[in-house]
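# Structural description and commentary
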Amino acid sequence: MSEPTSLDTDQPLLVAEGLAKNYGQLAACRDVSFSLYPGEVLAIVGESGSGKSTLLQLLSAQLAPSAGRVSYRMRDEVLRDLAELGEAERRFLFRTDWGYVHQDPAQGLRMAVSAGANVGERLMAVGWNHYGRIRDTASGWLERVEIDVGRIDDAPRTYSGGMRQRLQIARNLVTEPRLVFMDEPTGGLDVSVQARLLDLMRNLVSELGLAAIVVTHDLAVARLLSHRVMVMKGGRVIETGLTDQVLDDPCEPYTQLLVSSILPP
Amino acid sequence: MTAMIDIANAEKTFTMHLQGGVELPVVRGVSFHVEPGECVVLSGPSGAGKSSILKMIFGNYRCDGGRIGIRHQGAVIDLATAEPRLVLSVRRSTIGYVSQFLRAVPRVPTTDVVAEPLTVNGVAREEARERAGRLLRRLNIPERLWCLPPSTFSGGEQQRVNIARGFISDLPILLLDEPTASLDAANRAVVVELIAEKKKRGVAMVAIVHDDEIRHLIADRIVDVTSFAAAA
């Protein structure tokens, strides 16, 4: 029985092997292994303290693992251990090839400079220097994330929470990253604003063919955005699979508890 | 095999951990096949496991044993053991599914809900929308509703949107879970027509229908699910 060739030739973008992180006696994250493919959206779900945010930091090289490793396929197609990258390569990842969307937009934006500069800054960091082109690209991105271009010179501290989050997304996507990390991207927003943001993210991810790793405690977010889901508890991945399969046919006691705890609207 | 679907000894049990680990056997020894251009109707009383079998074929429910052979892109794969990426690929290019209830994304207009199975396969948005419009018109969804998200529609309208979404693409396998349940006679007739057209194109279908008249009109073969009952 052979698998279709399109899958055989596909190479993973990011590979985690035996990842662990200990804080003294506390094992915040234990033995996590998985592969993420280009264009694939993976949701990491679990309650507070389950280790999902620690895992996201390990995967995005913001935290050094106590054991195991993370490898990433650079644009030259070579899979490289993140711990062994040089400073220039790390900078390339953070500034260009990766995006990181924080739960609190204030952490991912510069609140006192204009929206246009927030988006343009990432372009300048990769060598763009033509003011007109930078401004055009920035306005194009504001439109894509449904921000009135008339607000391009305003600083994000004058924006609403939903607008700030959309601006943070524009700032991240402007360099055409191949992988975006998202930490509770809809966390601090009203429900109506959440739906709009989710729909926007869903479209952008599929139009741009982005791979994404989304940490969320909200199973509805996982269902809407992700192809695959990993359920975490006590620092371990306890269940993993196709998102609708895990949510509609959960096997582990804890996953069944999570799924059955959703309140009907 | 020439069959599009070839299921052998598939079984499914739910373990309810929140109810003290009670085991709920659903089906066992599920074996049947579906040829191209054939509509197989699953029969049996409510709770016999018909919908569960459809969900297993779609990869929505896990299969605890046996084999679900699916002809996919010229090869035969076992959906019961396929990794998630392969299941997604099967759903994109081989198996369509009309579920009992529409699960729509907030904010997405009806036309785009219907057109999505085409756009994910690379059909241009304009062409996909035009084909969506044609199907919505056939299914008597008034044009003024097309730009609205279907979440506010009546049950029958939502079901027709769901049917349009399921029938729009040219996938070789189609699973239908009570596609006519809340439709009036005129719209039921449209669905019967759509099914006949799919058969002509060689699409293999598995359907659940409770209406005897509809079943008589669409079924080439009936598989009685009670023989797969897994009562312990």
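Cut-offs used in this document
Residues numbered from 1 in each chain as written. Chains lettered and ligands numbered in written order. Predicted model: local features only at pLDDT ≥ 70, side-chain atom pairs only at ≥ 80, totals over all residues. Helix = DSSP H or I, 4+ residues; strand = E, 2+ residues; numbered from the N terminus. Rg over C-alpha atoms; globule rule 2.2 N^0.38 Å. Buried ≥ 20, exposed ≤ 12 C-beta atoms within 10 Å, placed from the backbone. Contact = placed C-beta atoms within 7 Å. Pairing = 2+ DSSP bridges. Axes fitted to C-alpha atoms, helices over the stretch in contact; angles between N-to-C directions. Nonpolar A, V, L, I, M, F, W, Y, C, P; charged D, E, K, R; others polar. Expected span 1.5 Å × (residues − 1). Arc of directions from axis to C-beta. pLDDT = per-residue confidence, 0-100. Parallel < 35°, antiparallel > 145°, perpendicular 65-115°, else oblique. Left-handed = near helix turned anticlockwise from the far one by under 90°.

So, on to the overall build of chain B. Scanning chain B for helices and strands turns up seven helices and nine strands. Taken over the C-alpha trace, chain B has a radius of gyration of 18 Å; the compact-globule value for 232 residues is 17 Å, and the two agree within 12%. With respect to the three principal axes, the spread of C-alpha positions in chain B is 50 × 40 × 35 Å. Looking at the 232 residues of chain B, the share that counts as buried comes to 43%. If you take every contact in chain B between residues at least 6 apart in sequence, the share linking residues at least 24 apart comes to 71%.

Glancing now at the overall build of chain A. Within chain A, the secondary structure is distributed over 11 helices and 10 strands. Its C-alpha radius of gyration of 19 Å places chain A within 12% of the 18 Å reference for a compact globule of 265 residues. The principal-axis extent of the C-alpha atoms belonging to chain A is close to 55 × 45 × 45 Å. By residue count, 43% of the 265 residues in chain A fall in the buried class. Restricting to contacts in chain A with at least 6 residues of sequence separation, those with at least 24 account for 65%.

Residues and elements named next belong to chain B. Strand order in this open sheet of four strands is β2-β1-β4-β5, and the pairing throughout is antiparallel. In this open sheet, the two edge strands, each paired with only one partner strand, are β2 (22-34) and β5 (75-78). Taking each pair of neighbouring strands and ignoring which way they run, the sheet shows an average axis angle of 30 degrees. Taken together, the four bridges between strand β4 (residues 65-72) and β5 define a ladder with antiparallel strand orientation. When the bridges of β5 are listed, H72 appears paired with A75.

We now examine the interface of chain B and chain A. Across the boundary between the two partners, chain B contributes 22 residues, which contact 23 residues of chain A. Elements with a minimum of two residues in the side of chain B that touches chain A: β5 and α2 (84-93) of chain B. Considering each element in turn, the side of chain B that touches chain A owes the most residues, six residues, to α2(B). Here the residues of the side of chain B that touches chain A are counted per class, giving 12 nonpolar, six polar and four charged.

All names here are of chain A. With 14 residues, helix α6 (residues 131-144) ought to run about 20 Å at 1.5 Å a step, and its terminal C-alpha atoms sit 20 Å apart, in line with that. Three or more residues of α6 are buried, namely I134, A138, W141 and L142. All buried residues of α6 fall inside an arc of 105 degrees around its axis, so they share one side. In α6, the exposed positions angled more than 90 degrees off the buried face are occupied by G132, R133, D136 and E143. Its buried side turned inward, α6 meets α5 (115-125) and α7 (161-173).

Moving on, we come to the confidence of the model for chain A. Residue and element names in this part refer to chain A. For chain A, the average pLDDT comes to 91, and 96% of its residues sit at 70 or higher. Confidence, read as mean pLDDT per element, is least for helix α1 (residues 5-8) in chain A (56) and greatest for strand β4 (residues 67-73) (97). Scored below 50 in pLDDT, residues 1-5 shows 11 contacts in the model against residues more than four places distant or in partner chains.

Caution is warranted with low-pLDDT regions, since their predicted coordinates should not be read in detail. Considering every residue of chain B, the mean pLDDT works out to 93; 99% of them sit at 70 or more. Both scores are available for the predicted complex, with the pTM at 0.92 and the ipTM at 0.91.

Okay, unusual backbone geometry next. Leaving glycine out, the prevailing phi sign among residues is negative, and the prevailing peptide bond configuration is trans. Positive phi values are uncommon outside glycine, yet E176(A) reaches one of about 55 degrees. Locating E176(A) in the fold gives a position in the loop between α7 and β7 (179-183). You will see that E178(B), though not glycine, has its phi angle at about 50 degrees, which is positive. As for its position among the elements, E178(B) is in the loop between β7 (173-177) and α6 (185-200).

Residue and element names in this part refer to chain A. Within strand β3 (residues 41-45), five of the five residues are buried, which leaves the element mostly enclosed by the surrounding structure. Where burial is concerned, the two faces of β3 agree: the one with V41, A43 and V45 and the one with L42 and I44 are both buried. Looking at chain direction, β3 and strand β8 (residues 211-216) are connected through five bridges and run parallel. Bridging from a neighbouring strand, V45 pairs with T216 of β8.

Our focus in this paragraph is helix α3 (residues 110-119) of chain B. With seven of 10 residues buried, α3(B) lies mostly within the body of the structure. When α3(B) is considered as a whole, its buried residues turn out to be T110(B), T111(B), V113(B), V114(B), A115(B), P117(B) and L118(B).

All names here are of chain B. In spatial order, the strands read β6-β7-β8-β3-β9; together these five strands make up an open sheet with parallel pairing. Only two strands of the sheet have a single partner each, and these edge strands are β6 (95-98) and β9 (221-224). Across the sheet, the mean angle from the axis of one strand to that of its neighbour is 20 degrees, orientation sign disregarded. Alignment of β7 against strand β8 (residues 204-208), held across five bridges, turns out to be parallel.

Attention now goes to the environment of R164(A). Residue and element names in this part refer to chain A. Its location among the elements puts R164 in helix α7. Sequence separation between R164 and M111 is 53 residues; the distance between their C-alpha atoms is 9.2 Å. When near neighbours in sequence (up to four residues on either side) are disregarded, R164 contacts P105, L109, P156 and Y159.

Glancing now at the packing of α3(B) against helix α5 (residues 155-167) of chain B. Residues and elements named next belong to chain B. The interhelical angle for the contact between α3 and α5, taken along N-to-C directions, is 30 degrees, at an axis separation of 7 Å. Put simply, α3 runs roughly parallel to α5. Remark: the crossing between α3 and α5 carries right-handed chirality. Between α3, through T110, V113, V114 and P117, and α5, the contact on the second element is made entirely by V161, A164 and R165. A class-by-class count of the residues in the contact of α3 with α5 yields five nonpolar, one polar and one charged.

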